[in-house]
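Understanding the architecture of this molecule
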Amino acid sequence: MKTHRSSLAFFIVMLAWLSAPALAQQDPPGRVGRLAAVQGQVYGSDSVAGEWSQAEPNLPLTDGDRISTGPVGRAELQVGSTTLRLHSRTELQVVRLDDERMVFQLKTGSVAMRVRSAQVAGEVEIVTAEARLRPLRAGHYRVDRMDDRTQASSWRGELRVEDEFGFDIATGQQAELWRDGKEMRHAWGNPADDVFAERVLAEDGREDTRTASEQFVSPEMTGVAELDRHGRWDRHPDYGPVWYPLQVTVGWAPYKQGRWAWVRPWGWTWVDSAPWGFAPFHYGRWVQWNNRWGWAPGAYVARPVFSPGLVHWSGTVRIGGRQGPGVGWAPLAPRERYVPVYRHTPRHIDRIEGPAFGRSDRGPVGGRPDWRTDGGRRDGTRIDGPRPEFRDERRDWRMDRREDRRDDRQDERRDERGDRRDERRDERREDRRDERRDGQPARPAGPAAPAAAAAPMGPPRPVMVAPVPRPAPAPQAPPPRAEAPQPMPRAEAPQPALERAQPAQGPGRGGWRGNPEP
């Protein structure tokens, strides 16, 4: 019996140990990339859609995403403190981007990579069809690929060429790499001095100074480099450092000017339209202080974890071909619970908000209204918007089933009411059309009925309205038969057209019936 219990305990321990990696894989990565700037023709594509479309700033980047620039286009990518700048006619793919590695594949064109952290340098890698390149320390590097050849340069730092007989590229050196079968060949040279190099080095010199934001947030928080240029810092008595944007429109509120986009593996992700609108909407919380909105990042975290949008949702989002009701959302305040809709583990929640404000199971604090009883409001702020368009059919929404069934019943009733209303309207329209068509021969002919009977053309309107002929000597005499045909040429021209157009006026019952979407 004792042996049996020991075996059972050993089995449980081994099962827990083997299932730990599987549970960890359910969490999305904490590190994410950002399309920081676009100029000219810049296009993006992900592994799910597989179609190229116009790229936009602040779009999160993850595994499988590709960025391509046109003849006059250029783009800038940020992943924490690491920056990649793409020249024109360049295509770059994000092969892997998670908490352990950052791997980018350069298919064609030129890319400059600025690595500011020695720790991150060991996690970054650029690959081409000819070589794998890895920085050995923080520095500034450039990689070009064209005509099945790769040129790797080091403006500052050391770049390692990973191969069976690998070597290092020191500061001020350039190596041209190509393949002779399976064997790598290389030739030494000097880094290129062109327009791309001049622009990149000038931009890097302006950004090389320490920013005020690094005193309060980690440089590994993607998008933090834009805060100093577009806002200022203050200190809240309860929440610590608070950042205020300098220029916003009247009535501005967080999560109001932008859109929701479907980004794997998080699902609906906020894409803000402001140039600084990345870090404040994916990390920390928003607070209202001194009649202004401010962003509180919380306590300093070396590796903050990305979230798609720190908001409370209200309303219901419909999934399927039918359009559902509108949705509303409101920004979370510090120490308010964040409940992701994507697949995650409790450890993931602890990584997002545990270190920053301290995890709390309480609702809104400070006498603020509860969003469940106040229609989703936060400090009197609620943002309403239409249901965003789905980009991917493989969704992982965890929605309440009772709301789904209720919405289905509402949609069915709305469809039935619309169908009945359309049928009644079409029936009335057909009845009026039939009455007009059937009632025309029964119209009284008046005194000119004998003349109309001799003519096979329907109602004798021309005879009824024709004036008495002027040459008649006496008004009491009946109109001469010889003069009766005089007004007939005027009446014969439109009459055949009326007879030909008459059958096209009514398609008959059972024809067109509208069925608008609810």
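Quick caveat, the model's predicted, so the values are computed rather than measured.

Concerning the overall build of the protein chain
Within the protein chain, the regular secondary structure consists of 11 helices and 26 strands. The buried share of the protein chain, taken over its 518 residues, is 43%.

A few points about the packing of aromatic side chains
Scanning the entire structure with this criterion turns up 19 aromatic pairs. Aromatic pair W262 and W268: ring centres 5.3 Å apart, planes at 80°, arrangement edge-to-face. There is no split in this pair, since W262 and W268 are both buried. Among the aromatic residues, those joined into a ring-pair cluster are W243, W252, Y255, W260, W270, W276, F281, W286, W313 and W329. Its guanidinium or amino end placed over the ring of W178, R149 lies 4.3 Å from that ring's centre, counting from NZ or CZ.

Remarks on the side chain of Q174
With respect to the secondary-structure elements, Q174 resides in strand β16 (residues 174-180). On the basis of relative accessible area, Q174 is assigned to the buried category, the value being 9%. Within the structure, the side chain of Q174 is placed 3.2 Å from the side chain of S153, a separation counted as a polar contact. Sequence-distant contacts of Q174, defined by excluding residues within four places in its chain, comprise Q151, A152, S153, I169, A187, W188, G189, N190, P191 and A192.

Considering the pairing of strand β18 (residues 231-236)
Where β18 and strand β19 (residues 240-245) come together, 6 bridges link them in antiparallel fashion. Bridge pairing links G231 to P245 in β19.

Comments concerning the side chain of E336
Tracing the backbone through its elements, the reader meets E336 in the loop between β25 (327-331) and α6 (346-357). Among the residues examined, E336 registers a relative accessible area of 2% and is labelled buried. Polar contacts involving the side chain of E336 include one to the main-chain amide nitrogen of A333, which spans 2.9 Å.

Looking at a positive patch on the surface
A surface patch of positive charge is lined by R409, R413, R417, R420, R421, R424, R428, R429, R432 and R436. Mapped onto the fold, R424 is located in helix α7 (residues 401-439). You can call R424 partly exposed: its relative accessible area is 45%.

Notes on the confidence of the model for the protein chain
Predicted coordinates in areas of low pLDDT are best not read in detail. With 66% of its residues at a pLDDT of at least 70, the protein chain reaches an overall mean of 76. pLDDT under 50 marks residues 319-326. Its contacts with residues more than four places away, or in other chains, come to 17 contacts.

With respect to unusual backbone geometry
Cis geometry is adopted by the peptide bond preceding P265, which originates at R264 and carries an omega value of -10°. Positive phi, normally seen in glycine, also occurs at Y255, with a value near 60°. In this structure, Y255 sits in the loop between β19 and β20 (258-263). On the accessibility criterion, Y255 (1% relative accessible area) is buried. Although it is not a glycine, N291 adopts a positive phi angle of roughly 60°. For N291, the position within the fold is in the loop between β22 (285-289) and β23 (292-296).

Here's the deal with the pattern of salt bridges
Per the stated rule, a full pass over the model turns up 29 salt bridges. The closest approach of N and O atoms between E130 and R145, which form a salt bridge, is 3.0 Å. Separated by 15 residues along the polypeptide, E130 in the loop between β10 (124-127) and β11 (132-135) and R145 in strand β12 (residues 139-146) bring together distant segments of the chain. Each member of the pair, E130 as well as R145, is classed as buried. R185 is the partner of D180 in a salt bridge, and the nearest nitrogen-oxygen pair spans 3.6 Å. Owing to a relative accessible area of 46%, D180 belongs among the partly exposed residues under this scheme. In this structure R185 comes out as partly exposed when scored by relative accessible area, which is 34%. By sharing partners, the salt bridges in this structure join E76, R85, R199 and E203 into a single network.

As for the pairing of β11
Burial along β11 is one-sided: the residues L133 and P135 are buried and none of R132 and R134 is. Direction of pairing for β10 relative to β11: antiparallel, over a ladder of 2 bridges. Among the inter-strand pairings, V127 is bridged to a residue of β11, identified as R132. Joining the antiparallel neighbours β10 and β11 is a turn of 4 residues. Two strands pair when backbone bridges link them, and β11 and strand β14 (residues 159-162) are joined in this way by 4 bridges, in the antiparallel orientation. When the bridges of β14 are listed, R132 appears paired with E162.

Description of helix α3 (residues 195-206)
Here α3 contains 12 residues, and its C-alpha end-to-end distance of 17 Å stays within 8% of the 16 Å for a straight helix at 1.5 Å per residue. Taken together, the buried positions of α3 are F196, A197, R199, V200, E203 and D204. Looking down the long axis of α3, one finds its buried residues gathered within 165° of arc, a one-sided arrangement. Projecting away from the buried face of α3 at angles above 90 degrees are the exposed residues V195, E198 and R206. Where α3 is buried, its residues touch β6 (74-79), β7 (82-86), β9 (102-115), β12 and β13 (149-156).

Basis of the calculations
- Residues numbered from 1 in each chain as written.
- Predicted model: local features only at pLDDT ≥ 70, side-chain atom pairs only at ≥ 80, totals over all residues.
- Heavy atoms only, no water.
- Helix = DSSP H or I, 4+ residues; strand = E, 2+ residues; numbered from the N terminus.
- Buried < 20%, exposed > 50% of the residue type's maximum accessible area, 1.4 Å probe, protein only.
- Phe/Tyr/Trp six-rings, centres within 6.5 Å; stacked < 30°, edge-to-face > 60°.
- Lys NZ or Arg CZ within 6 Å of the ring centre and 35° of its normal.
- Polar contact = N/O pair within 3.5 Å; in protein donor to acceptor, adjacent residues only side chain to side chain.
- Contact = heavy atoms within 4.5 Å.
- Pairing = 2+ DSSP bridges.
- Patch = residues over 30% accessible without salt bridge, like charges linked within 9 Å, V, L, I, M, F, W, Y side chains within 5 Å.
- Areas by Shrake-Rupley, 256 points an atom, 1.4 Å probe, with all protein chains shown as cover.
- Salt bridge = Lys/Arg side-chain N within 4 Å of Asp/Glu carboxyl O.
- Lys, Arg positive; Asp, Glu negative; His and termini not counted.
- Charge placed at Lys NZ, Arg CZ, Asp CG, Glu CD.
- pLDDT = per-residue confidence, 0-100.
- Expected span 1.5 Å × (residues − 1).
- Arc of directions from axis to C-beta.

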